[in-house]
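# Structure assessment
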Amino acid sequence: MTGGTITGASGSFFAVSSGSATISGGTITAYYLVVGWNHDVTVTISGGTNTFTEIRHYDGGTGTLTLNSGGTVTATVIRNNSGGSGTDGLIVNLNSGSTITTGSFGMNSTIASGTHTTTLNLNGGTIIANAGGNLFDAVSGGGTGQSFTVVAKAGGATINTNGYDCYLLQSI
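Keep in mind that what you see is a predicted model, and the values were worked out from it rather than measured.

Rules used throughout
- Residue positions are given per chain, counted from 1 along the sequence in the order it is written.
- In keeping with the predicted nature of the model, local features appear solely for residues at pLDDT of at least 70, side-chain atom pairs appear and are counted solely at 80 or more, and the whole-chain, interface and lining totals rest on all residues.
- To obtain the side-chain values, all non-hydrogen atoms of the structure were included, while hydrogens and water were left out.
- Runs of E in the DSSP output that reach at least two residues are strands. Runs of H or I that reach at least four are helices, and both are numbered from the N terminus.
- By definition, residues are in contact when any of their heavy atoms lie within 4.5 Å.
- We count a salt bridge whenever a side-chain nitrogen from Lys or Arg sits within 4 Å of a carboxyl oxygen from Asp or Glu.
- When DSSP locates at least two bridges between a pair of strands, those strands are taken to pair.

As a further point, take the environment of Gly86. Take Gly86: it is sitting in the loop between β6 (72-82) and β7 (87-95). Residues Gly86 and Ser113 lie 27 residues apart in sequence; the distance between their C-alpha atoms is 7.4 Å. In this view, Gly86 contacts Gly114, Thr115 and His116; residues no more than four positions away in its chain are not counted.

Structure follows, in structure tokens:
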């Protein structure tokens with residue numbers, strides 16, 4: 001998407017179910033941004049105004065969300081949400097010049113088996129809190145093979161609590 005406007009109703013999905021998508025302009029407003037559902041998916045954002053209530057990857061495969069310079073996203077929650085028994089993950093790459101405004105990053109699995117991961121790679125971008133609480137949340141749900149990892153790359157990150165009391169329950 002390079003321009004224009006997409007506005008979804010309450011509960012709407014902006015879903016990339018397989019393959020890849022690039023967003024470099026325009027305005028997207030939807031309840032969910034789904035970065036893959038049982039497939040490997042890559043979404044790259046380098047521009048535009050992108051507002052979602054939740055950003056999620058569901059079940060199998062790996063969803064990769066990359067924000068490059070000029071990429072901005074606002075979402076209340078960003079997480080891998082798995083109900084599958086296989087291997088799945090969400091990778092978020094926050095690169096230099098990009099911004100994510102959120103209340104929480106996390107990992108949730110409802111199945112006890114399988115490997116379920118969320119990885120947040122910090123490489124020069126900015127995280128702005130839009131709520132107080134667990135900005136880097138604890139792993140939740142019934143899964144035993146799940147993890148949430150925060151990795152500081154060479155560019156690091158700026159974390160702006162925006163006046164909220166925020167907690168980082170994952171080490172960096």
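Taken as a whole and judged by the stated rule, the model has 1 salt bridge. The residue Glu54 makes a salt bridge to Arg56 at a minimum N-O spacing of 2.4 Å.

Moving on to the pairing of strand β9 (residues 115-129). Where strand β8 (residues 99-109) meets β9, 4 bridges bridge the pair, whose relative direction is parallel. Bridge pairing in β9 places Thr101 opposite Ile128. As defined by bridge partners, β9 adjoins strand β12 (residues 146-160) across 12 bridges and the pair is classed as parallel. Across the sheet, the residue bridging to Leu120 is Val150, located in β12.

Attention now moves to the side chain of Thr66. Position of Thr66 relative to the elements: it lies in strand β5 (residues 61-67). Setting aside residues up to four positions removed in sequence, Thr66 forms contacts with Val43, Thr44, Ile45, Asn93 and Asn95.

Note that every value here comes from positions in space, so none of it alone points to a role or purpose.
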